[in-house]
Amino acid sequence: MSEATVSTQTLVAEERARSAELARRADSRRRLVQNAGVLIPFLLVLVIGLVAVPHFASASNVTNMLVNAGILAIVGFGMTVVIAIRGIDLSVGSATALTACITAATVNAAGPLAGSLLGVVVGAALGLVNGVLVSFLRVPGFIATLSTLTVFRGLVLLFTGGAPIMIASSSFKSMATATMLGVPVPFIAAVGIGAGAVFALERMRFGKHVVAVGGSPESAVDSGISVTRIRLLAYLISGASAGIAGVLLASQLGAVNASISRGLELQVIAIVVLGGTSMAGGRPRVVGTFIAALLLSMINSGLNLLNVPSFYQYVALGALLVFALTIDGAQRAAVRRMLEGRRS
Amino acid sequence: MTVSNTTQAPPQQSGEAQKRSGASAVLRRLASQQYLLVVLLLLAVAVGAARPAFWGTGNVSNILFQASFVGLAACGMTLLIAGGLLDLSVGGVIAVSAIAVATVLPSTTIGVAVLLAVLIGAVLGLLNGLLVTYLRIAPFIATLGTLYLFLGVAFIWTSGGVVPITSSNYRAATTGSLGWLPVPFLVFLCLAALTHLLLRHTYFGRTLRAFGSNERAATLAGLPVARAKVTAFVFTGACFALAGVFMAGRLSSAEGNMAMGFEMSVIAAVVVGGTALRGGRGTLLGTVIGALLFAVLTNALNLLGVASYWQYVLTGAVLAAAVAVGARRASTAEVRGAG
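Residues numbered from 1 in each chain as written. Chains lettered and ligands numbered in written order. Predicted model: local features only at pLDDT ≥ 70, side-chain atom pairs only at ≥ 80, totals over all residues.

1. Here we look at the overall build of chain B
From N to C terminus, chain B includes 14 helices and four strands. Here chain B holds 339 residues, and 50% of them are scored as buried. Partitioning the contacts of chain B with sequence separation of at least 6, the portion at a separation of at least 24 is 80%. (Helix = DSSP H or I, 4+ residues; strand = E, 2+ residues; numbered from the N terminus. Buried ≥ 20, exposed ≤ 12 C-beta atoms within 10 Å, placed from the backbone. Contact = placed C-beta atoms within 7 Å.)

2. Looking at the overall build of chain A
Counting its regular elements, chain A contains 13 helices and four strands. Taking the principal axes of the C-alpha coordinates as reference, chain A spans close to 85 × 50 × 35 Å. Burial statistics for chain A: of 344 residues in total, 49% are counted as buried. Taking all contacts inside chain A whose residues are at least 6 apart in sequence as the whole, residues at least 24 apart take part in 81%.

3. Regarding the environment of Phe 56 of chain A
All names here are of chain A. Along the chain, the position of Phe 56 falls in the loop between helix H1 (2–52) and helix H2 (59–84). Judged by C-beta crowding, with 19 C-beta atoms within 10 Å, Phe 56 ranks as partly exposed. As for Phe 56 and Gly 302, which are separated by 246 residues in sequence, their C-alpha atoms are 6.9 Å apart. Ignoring sequence-local partners within four residues, the contact set of Phe 56 consists of Gly 49, Leu 50, Asn 61, Gly 302 and Leu 305.

4. A few points about the interface of chain B and chain A
Between chain B and chain A, the residue contacts involve 34 residues of the former and 34 residues of the latter. The dominant element in the side of chain B that touches chain A, judged by the number of residues it contributes, is helix H14 (residues 309–338) of chain B, at 13 residues. Split into classes, the residues belonging to the side of chain B that touches chain A amount to 26 nonpolar, seven polar and one charged. (Nonpolar A, V, L, I, M, F, W, Y, C, P; charged D, E, K, R; others polar.)

5. Re the packing of helix H7 (residues 185–203) of chain A against helix H8 (residues 205–215) of chain A
Residue and element names in this part refer to chain A. Relative orientation of the contacting elements H7 and H8 amounts to 70°, with a least axis distance of 4 Å. Here H7 lies roughly perpendicular to H8, going by the angle between them. Residues Ala 200, Leu 201, Glu 202 and Arg 203 of H7 touch H8, and the partners they reach there are Phe 206, Gly 207 and Val 210. (Axes fitted to C-alpha atoms, helices over the stretch in contact; angles between N-to-C directions. Parallel < 35°, antiparallel > 145°, perpendicular 65-115°, else oblique.)

6. Details of the nonpolar core
If you look at the biggest cluster of nonpolar residues, it comprises 208 residues, and the most contacted ones within it are Ala 270 of chain A together with Ile 94, Ala 98 and Val 101 of chain B. Considering every element that reaches this core, the biggest residue donor is helix H11 (residues 225–251) of chain B, with 16 residues. (Core = buried A, V, L, I, M, F, W, Y, C linked by C-beta atoms within 7 Å.)

7. Side note on the environment of Leu 46 of chain A
Take Leu 46 of chain A: it is sitting in helix H1. Considering only alpha carbons, one finds Leu 46 of chain A and Ser 223 of chain A, 177 residues apart in sequence, at a separation of 45 Å.

8. Some thoughts on the environment of Thr 277 of chain A
Residue and element names in this part refer to chain A. For Thr 277, the location among the structural elements is in the loop between helix H11 (264–274) and helix H12 (286–305). Spatially, the C-alpha atom of Thr 277 lies 15 Å from that of Ala 234, the residues being 43 residues apart in sequence. What Thr 277 contacts, discounting residues up to four positions off in sequence, is Thr 80, Ile 83, Ala 84, Val 272, Arg 283, Pro 284, Arg 285, Gly 288 and Thr 289.

9. Structural notes on unusual backbone geometry
Residue and element names in this part refer to chain A. Although it is not a glycine, His 55 sits at a positive phi angle of roughly 65°. Exposure remark for His 55: the 11 C-beta atoms within 10 Å place this residue in the exposed category. Phi at Arg 138 takes a positive value of approximately 55°, unusual for a residue other than glycine. Looking at where Arg 138 falls in the secondary structure, it is placed in the loop between helix H4 (112–135) and helix H5 (141–160).

10. Details of helix H8 (residues 183–201) of chain B
All names here are of chain B. Taking 1.5 Å of rise per residue, the 19 residues of H8 would be expected to cover 27 Å, and the 26 Å separating its terminal C-alpha atoms lies within 8% of that figure. Taken together, the buried positions of H8 are Pro 184, Phe 185, Phe 188, Leu 191, Ala 192, Thr 195, His 196 and Leu 199. Seen along its axis, H8 keeps its buried residues to an arc of 145°; they face one direction. Exposed positions of H8 whose direction lies more than 90 degrees from the buried face are Cys 190, Leu 197 and His 201. As for H8, its buried residues are in contact with helix H3 (57–82), helix H7 (168–175), strand E3 (181–182), helix H9 (203–213), H11 and helix H13 (284–303). (Expected span 1.5 Å × (residues − 1). Arc of directions from axis to C-beta.)

11. A closer look at the packing of H8 of chain B against H9 of chain B
Residues and elements named next belong to chain B. Relative to each other, H8 and H9 sit at 70°, their axes nearing to 5 Å. As the angle between them shows, H8 and H9 are arranged roughly perpendicular. On the side of H8, the interface is formed by Leu 198, Leu 199, Arg 200 and His 201, while H9 contributes Phe 204, Gly 205 and Leu 208. Per-class residue counts for the contact of H8 with H9 are four nonpolar, two polar and one charged.

12. Focus: the confidence of the model for chain B
Residues and elements named next belong to chain B. Considering every residue of chain B, the mean pLDDT works out to 84; 88% of them sit at 70 or more. Here residues 1–15 scores under 50 on pLDDT; set against residues more than four positions off or in separate chains, the count is 22 contacts. Taken together, the stretch residues 332–339 has pLDDT below 50 and engages in seven contacts with residues farther than four places along the chain or on a different chain. Overall fold confidence for the complex sits at a pTM of 0.81, while the interface term, ipTM, reaches 0.78. (pLDDT = per-residue confidence, 0-100.)

13. Quick word on H8 of chain A
All names here are of chain A. For H8, the complete set of buried residues consists of His 209, Val 210, Val 213 and Gly 214. Down the axis of H8, the sector holding all buried residues measures 130°, keeping them to one side. Among the structural elements, H2, H7, helix H9 (217–222) and helix H10 (227–253) are those in contact with the buried residues of H8.

Now the structure itself:
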């Protein structure tokens, strides 16, 4: 009797050790695939750019790329959190445009500081609208944000009346192009916000809750996490980061109109997924998002320098997105195979 | 409770109680559709009272025109959404197929051109279907990617320009009317009827609804899920192309951004019509009414002199509201089922 218990216990222990080993191997394999997924294209594009594209490494082009990457990455950090809770925010492009236009008008009326602050607040408010739709009204994330994409774009058109807004303040306009130690300010802002996001996701309770909600909303509810609150916060963060990006974009462009950052959502989703954040939720990868933002910005500026018509950038982006999603799918399939013990 | 809500009342019910619940389900469904019909009629009467020009024959046929572009695309979309899928590449497929028509029209007959467009739509749909089914990419992300791919192809093809359609026969064929009914609207009604039959009276439709409500169960039951998914995408691509054919006729030209943002209107028409976003349930009558509702709404806003920018705001708000109401209704049904 006792012998049987002992042998059962050893069997259980062995089984546990075996599955732990499998999980560890699956994890390392997954890490390999996801790091390779962003690092290989990054290095490839970097080398091709340096070798084949004229003026790729010139100071003005590098500054330009860093500014673009910074703005893209800031929106990407918000999107990383939203995708990590199994959500999606398709409205970031329209939200960025709306905040950029409101910021521009406010800068002209009340000065750069008021404009910048109001831009971020408006962005957060737009994110809050998405959050309320998703968490309290239970509208699926992509439909809620697809409708707010249209609504926000309509609001931008109403706000501007279809006409561009010129920004008069030169101190505001120099914000995005100013450099500290040779590094443009938007890029420094992106690094700072990224560090904050890493800290919040890795070291704070909020991050653990995000991973829990993304991994399994049902178990998160059962373990006493307020899923509604986390969802609301995630969309709020995404809106606020779109707001910050809108302010920086207004500063970079100097003149904004209602059609800016159309299709931005696709670029942002592409960099987030390419960076290794899984569409299945529960795995935010802020650093990956950051590297992928640099990658996309390099691709765009490389194509521009090579005088490729801008239509081809659509195709490049679509192909990049499909590639990233295929990697994501392959990664999940690899994990599943490892956990199931190589059958099928 | 949830079961009788998500799957359409099966025809082989035998028990008296089941028959009654089936009949009441049918009644409830009819009531919820008539509710939409009532909204549509009220809106039409109200606008007609405020602006008598609303009922002019020119305006009515204009509304039917507008409704049929959205509606043709919405027929395919209903099928997809009933299967728990989605296709956001509407704008891209319409642009590519319309440009194809405009390009080949000078050298071939109208029939060949239309056939080619539908074929191209089907091929693009096939691409979407393969991405979703075999690469296992979430439908809305995969088709968001292909939307930009197709738009890129369209822009490259035309070098960003407009391809004019000079054939007056083509314009006459696609914008003409039989009596007071425009041709596209008649085609839309036929396509809706066809899609209804496909969804409700074929093995393919049953498979679609089965994996729409529970994909795992459908796979375990041995249904050809993968094949049905791809077929649904192909059919939908053909529907989009058909919408593009008539749109090109209406505009007398084709260009890359002729249907930018169209996916929104199409999904809105389907979802407001009563097709559940979570899949398993689709109604073509609802889709027809939904398409008409948005056409009347847009037309009313134009007649009342509201800035066209408000239409963006209103379409988005109506869609979010419709889904929110649907989610609320579904969750109360679940609660009642559990109790």
